[in-house]
Amino acid sequence: MHVPTPSPELLDDFAAALTPRLAGELRRDAMTRALYATDASLCQIVPIGVLFPRHPDDVQAALEEAARHRVPVLARGGGSSLAGQAVGAALVIDCTRHLDAIHAIDPEARTARVAPGVVLDDLNAAAAAHGLMVGPDPAPSNRATLGGMVGNNATGTHSILYGNVINHVRSLQALLAGGTPITCEALDADGWAAKLRGTGPEARLYRSIDAVLEEHAEVIARETTTHWRRNSGYRLEYLLDRVHTVHGEVEQDRRNLAQLLCGSEGTLAVTTEITLGLVERPRRTALGLAHFRTRREALHAVTTILDTGPAAVELLDGTAIEQARRAPGYAHRLGFIDGDPGGVLITEYYGDDERALKGRLDDLDRALERSGQGYAVVRAVTDAEIRDVWTVRKESLGLIMGVKGDHKPVALVEDASVPVARLADYIDDLDRLFKETDTRAVYYAHASAGCLHVRPFLNTKDAAEVRKLREISAGAMALVKKYGGALASEHGDGIVRGWLNESFLGPDLYGVYRQLKAAFDPGGLLNPGKILGVPPVESTLRLGPGYATIPVLTELDWSADGGFARAVEMCNGNGACRKLQSGTMCPSFMVTREEEHSTRGRANALRAALSGTLPPEELTGARMYEVMDLCIQCKACKTECPSNVDLAKIKTEWLHRYWQEHEVPRRTRLFARQPSLARRLNGGLKARLANAVNRSGLVRRGLERTLGIAAQRPLPPFAAVPFTTWFARQAWAQEDGRPVVLFADTFNNYHHPEVACAAAEFLHRTGHHVVVPPADACCGRPLISKGFIPEAQALALRTLEQLYPYAERGWPIVGLEPSCILTFADELLDLLPGDPHALRLAGAVTTFEEYVAALADDGALDGTAWRVEPGHVLLHGHCHQKALVGTAAAERCLALPGHAVETVDSGCCGMAGAFGYEAEHVALSLAMAERRLAPAVRAAEEDTIIAAAGTSCRAQIADTTGRQARHPAEILRDALGDA
C-alpha cells in the first residue's frame with residue numbers, strides 16, 4: 001500500500017498533538033533529518049522527523065498519533081543496516097539514546113530481557129559474568145542493537161552453530177501500528193485457540209493470521225525455499241510448522257509470533273522489549289588460518305573443513321587482505337597472513353583446553369593435506385592473535401568500502417546464501433556474470449553457511465553503472481533460485497533486495513505476505529516501502545546519477561582523496577564510530593550518544609550541505625558549527641574508522657572556510673597563537689607574574705566572563721626556567737655521542753620543562769649527543785586545530801628550514817608531545833604537498849617512546865643499569881599516538897626497567913588541548929574522562945606509576961583524580977638512578 005507523504009500542515013498538527021505527550025524529544029529540523037537520511041546501505045531518504053523516546057510510553061504515543069494523522073513510522077537502532085531498512089520518509093524512532101536498559105539476565109533459564117536499543121556487545125559483556133552470551137554474532141556487534149537484530153533476523157560468523165535470532169527469541173513486547181500493545185510468546189494449541197477467542201485488536205490479529213495460515217498452507221509450504229539460512233519476506237513457515245526452538249531443542253506444536261517479527265524489518269510491529277535465549281560461552285577457542293592460492297580453491301575446501309567440526313569458517317579474500325594492508329589501523333594485525341593468498345579460510349574451533357584445541361587444529365592440517373588443498377595453515381591460539389584475526393574479519397566490510405574513487409564495492413547481492421555444497425559453482429556463475437558486465441567484485445564472510453558477502457564495484461553516480469546494478473541484481477537473483485538458495489539470509493530485504501521480492505518469491509507467496517502485512521498494519525504506516533511494495537532501488541540512491549557537489553576552494557592537499565567532497569564521501573555509513581565499549585573514535589559521541597557527534601554524523605552533515613540535501617549556505621551555518629564543534633580532532637577515526645575517514649583533517653579545512661565568513665572569537669585567536677604567547681612570557685619575572693595572575697580567582701572569573709576560558713580549570717603554569725635555557729647551561733651538552741635531535745615543543749619547553757630535562761638527561765646518559773633546535777621551532781598544532789591554515793603553512797615553512805638540516809644528516813628528531821612531533825609526519829605533508837624536504841622531515845621524526853624502543857630492539861640499551869625496583873605502570877596513550885603510531889613502543893620502553901606495563905583502554909582523556917579549557921566544553925570534557933580513564937586511574941594501587949605522554953592527558957588525570965601522571969621520559973630517567 002502506497003502511503004502519501006504527509007503535508008507540512010499535517011505534520012505540524014501531528015507534532016502539536018504528540019509533543020505534549022512525550023517525556024522524550026521530537027526533532028524536525030533539517031539537519032537532524034539529514035543525519036537520519038542514510039544507513040550503511042546505498043540508499044538515502046530524508047525522514048519527516050526523528051523521535052528520541054525516553055520510555056516505551058513515548059513510542060506508544062507516537063504510534064497512536066501517527067495512526068490518527070496518517071504519518072509513517074520507522075523504528076531504528078544503530079543504523080548499520082545494509083539494505084536500506086533504516087531509512088524512509090517516515091518518523092524515525094531512534095531507540096539507541098534511552099531505550100537501552102538490560103532489564104534482567106536469568107542464568108538458570110539462560111535468558112536476557114532487554115530494551116530494543118541495547119547494543120549486542122553490552123549485553124554480551126553483562127552475560128559473560130554468568131558464562132553466557134548471545135549466539136548470533138553479526139560483525140557490527142559493537143553498535144548493532146538487539147531491536148535491529150530482531151528486525152533483521154540477524155546471524156553471523158557462527159551461524160552453523162547458532163542459526164539466526166529467530167532460533168533464540170523467546171518473547172517480545174511489541175506495539176501494533178495504532179499503538180496497541182501485544183505480547184508475542186510461544187503458545188501451544190490451547191493457548192493459540194484462547195487467543196483466537198479473545199476480543200480487541202490483538203485477538204483480531206490472531207484470527208487474521210490463523211486464516212492466512214489455514215487458507216494458504218500449501219502455498220507457504222511449496223513456495224518457501226527450504227534452505228535453512230533464509231530471510232526474504234516473512235517467516236510464516238515457522239508458524240505453519242508449529243516449531244519453536246529453545247536452547248537448540250525443538251519444541252513441537254508451538255507457535256510464537258515473536259518468530260514472525262524476526263526479519264520483518266519493523267513493517268509488522270514495533271518491538272519495545274525482547275526476551276532472548278542465551279548460549280554458553282566457549283571455554284577456549286583457537287583458529288586455523290587455511291591459505292589458498294585462489295578464492296575458488298578455498299571455496300572447494302569448505303566442505304572438507306566442515307567435516308572437521310568447526311564452529312565457523314569465514315573467507316577473507318585477497319582484495320580484503322590488500323585493503324587491510326593499506327589501512328594504518330589494521331596492517332599491524334595481519335601477522336597471520338602467509339604470503340599473498342587469493343583466499344584465507346578462518347577456521348575456528350571450540351574446546352575445553354589447549355590440548356583439545358591442538359587436536360582439532362591437527363585434524364584440520366591432516367584433512368587439508370589428504371585432500372591436497374591449500375598451501376599453509378597458520379595457527380592463532382593466543383588471545384592477542386585471535387583478537388587480531390577477528391578484528392580484521394569484523395571490519396573487512398568497512399576496509400573494503402574504504403577504497404578511493406567513485407567505484408565502490410556496493411551492498412547489492414551480498415546477502416545471498418546457497419547450500420554450501422553448491423557454493424563454489426554459484427560463485428563461478430556469479431563470476432561469469434561479473435565478467436559479462438565488466439565488473440570487479442570482492443568476496444568475504446560466511447563460507448561455512450554458503451553465504452559469501454559479494455560486493456561488485458560500481459559507480460552509482462553513473463547512469464550506465466546504475467543500469468548495470470539492476471542487471472547484476474536480476475542476474476544474481478536468477479542464480480540464487482537456480483541453486484536453491486535464499487536472496488537474503490541475514491542482512492534482509494529492505495530496499496536493495498525488496499524490489500526483487502515478487503520475482504524471487506513468486507506471485508502466490510508474495511500475495512500471502514501482502515495479506516499478512518495488511519493484518520498487522522492495515523494502513524501501511526510501519527516502515528513502508530520495505531520487503532513489499534518497494535520502490536526501484538535506483539530511485540533511492542545516496543550517490544546517484546544526479547548527485548553533484550558544490551565546488552570548495554581548499555587550502556590543504558586533498559589530491560589523494562580526489563578532493564574535499566570525496567574525502568567526506570569516504571564515510572559509507574557503517575557506523576563503527578558509534579561504538580561505546582572500547583577504542584577512542586568519537587569520544588564526544590560516547591558521552592552524548594548524539595548521531596551528529598559521530599564521525600558518520602559529521603560526514604553526513606557536510607555531504608548533505610555539499611550535495612544539496614541541505615541548502616549550500618548551511619555548509620558554514622550556525623547549525624553546522626554545532627555539529628562540528630564537538631569533534632576534538634583526536635584522529636582516532638583516521639585509524640579506527642574502517643574507511644579511514646580523517647575527520648580531524650576535514651574539520652581543519654572546514655574551520656578555515658568557516659572563518660572566511662564569520663568573525664574569529666578572541667579566545668580562538670588566543671588559543672591558536674598560544675605558542676607565541678608562551679615565548680613572550682618566557683621565564684623569570686614574566687613567568688612568575690603570569691602564574692600569579694592565573695591563580696587569581698578574580699582574574700579567572702573575569703577570563704571566563706570575557707573570553708569563555710573555564711574558571712574551574714587550573715591553567716598550565718609558565719616555567720621560571722624554560723628547557724632551552726636549562727639545556728644551554730649543561731656542560732655535558734657538548735659531549736660526543738650518538739647524535740639525536742630533541743625537539744622541544746611549546747608545552748615541554750615553556751610549561752613543563754621537567755619532561756624535556758628528563759628526556760635530555762636520559763638520552764645523554766645512554767650515550768647520546770643531544771642537539772636542541774631553536775626555541776621558536778614550532779609544529780603549528782594550535783593553528784591547525786583552530787583552522788588557521790595559511791598561518792600554519794607559513795610556520796611550517798619556517799620550522800622546516802630549521803629542522804631539515806638535521807633530517808638531511810640522517811639524525812633522528814625525537815619529540816615528547818605526541819600531537820606536536822606527529823604533526824611533522826602527518827599534517828605537514830598536507831600543508832606543504834609535494835615538498836621533498838617535508839617528506840624527508842616526516843621520515844626523520846619519531847616519538848620519544850618509539851626511539852627508545854628502537855634502541856632497545858637494536859641492543860643499544862643492553863648494558864643499561866636500571867636502579868629501581870620493578871613496579872606496575874598504568875599507561876594511557878595519547879589519542880594522536882594511538883591513531884598514528886600505536887602504544888606498543890611506549891609499552892616496550894616502559895618495561896625496560898622491569899616494570900609490568902598495563903595499557904588501559906581509556907579512550908580519549910577529554911582535554912584535547914584547548915577544548916577542555918573552554919567553558920562551554922568543560923562538562924563534556926570531564927564526562928569523557930569519567931567514561932574509562934579516571935575510573936581506571938582511581939582504581940590503580942597507590943604505588944602504581946601512571947604514565948601519559950600527552951601534556952593535556954596528564955592535566956586531565958590530575959584534575960579528575962588528583963593523581964600525578966608522568967611522562968615516559970621521566971619514568972625512564974628516574975629508573976637510571978642518580979648519575
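Residues numbered from 1 in each chain as written. Predicted model: local features only at pLDDT ≥ 70, side-chain atom pairs only at ≥ 80, totals over all residues. Heavy atoms only, no water.

Enquirer: Explain the overall build of the protein chain to me, using residue names and the numbers behind them.
Expert: The helix and strand inventory of the protein chain stands at 46 helices and 28 strands. At 30 Å, the protein chain has a C-alpha radius of gyration in line with the 30 Å of a compact globule built from 979 residues. Taken along the three principal axes of its C-alpha coordinates, the protein chain extends 95 × 70 × 55 Å. Expressed as a percentage of its 979 residues, the buried residues of the protein chain come to 61%. Across the protein chain, the fraction of contacts at a sequence separation of at least 24, relative to all contacts at a separation of at least 6, is 75%. Surface accessibility of the protein chain: about 35,300 Å² in total, with carbon and sulfur atoms responsible for 50%. Charge-centre separation for the protein chain: the mean point of 104 positive side chains lies 3 Å from the mean point of 121 negative side chains. (Helix = DSSP H or I, 4+ residues; strand = E, 2+ residues; numbered from the N terminus. Rg over C-alpha atoms; globule rule 2.2 N^0.38 Å. Buried < 20%, exposed > 50% of the residue type's maximum accessible area, 1.4 Å probe, protein only. Contact = heavy atoms within 4.5 Å. Areas by Shrake-Rupley, 256 points an atom, 1.4 Å probe, with all protein chains shown as cover. Lys, Arg positive; Asp, Glu negative; His and termini not counted. Charge placed at Lys NZ, Arg CZ, Asp CG, Glu CD.)

Enquirer: Which residues make up the environment of aspartate 428, and what are the values?
Expert: Its place among the elements puts aspartate 428 in helix 18 (residues 423-436). Residue aspartate 428 is classed as buried on the basis of its relative accessible area, which comes to 17%. Taking the C-alpha atoms as reference points, aspartate 428 and glutamate 25, 403 residues apart in sequence, are found 51 Å from one another.

Enquirer: Please give an account of helix 40 (residues 848-857) that cites residues and values.
Expert: Counting buried residues along helix 40, seven of its ten residues qualify, which places the element largely inside the surrounding structure. For helix 40, every residue scored as buried is listed here: Phe848, Glu849, Tyr851, Val852, Ala853, Leu855 and Ala856.

Enquirer: Explain the nonpolar core residue by residue, including any values.
Expert: By size, the foremost hydrophobic cluster in this structure holds 108 residues, and its most contacted members are Ile209, Leu236, Leu260, Leu345 and Tyr426. When neighbours within four sequence positions are excluded, leucine 236 is seen to be in contact with Val212, Leu213, Ile220, Leu260, Val512, Tyr513 and Leu516. Formed by 84 residues, the second largest nonpolar core is a distinct cluster that contains Cys586, Trp654, Ala777 and Leu828. (Core = buried A, V, L, I, M, F, W, Y, C linked by side-chain atoms within 4.5 Å.)

Enquirer: For the side chain of aspartate 431, give the residues involved together with the corresponding values.
Expert: Mapping aspartate 431 onto the fold places it in helix 18. Among the polar contacts made by the side chain of aspartate 431, one reaches the side chain of arginine 295 at a distance of 2.6 Å. In terms of polar contacts, aspartate 431 uses its side chain to reach the side chain of tyrosine 443, at 2.2 Å. Excluding its chain neighbours within four sequence positions, the residues that come into contact with aspartate 431 are Arg295 and Tyr443. (Polar contact = N/O pair within 3.5 Å; in protein donor to acceptor, adjacent residues only side chain to side chain.)

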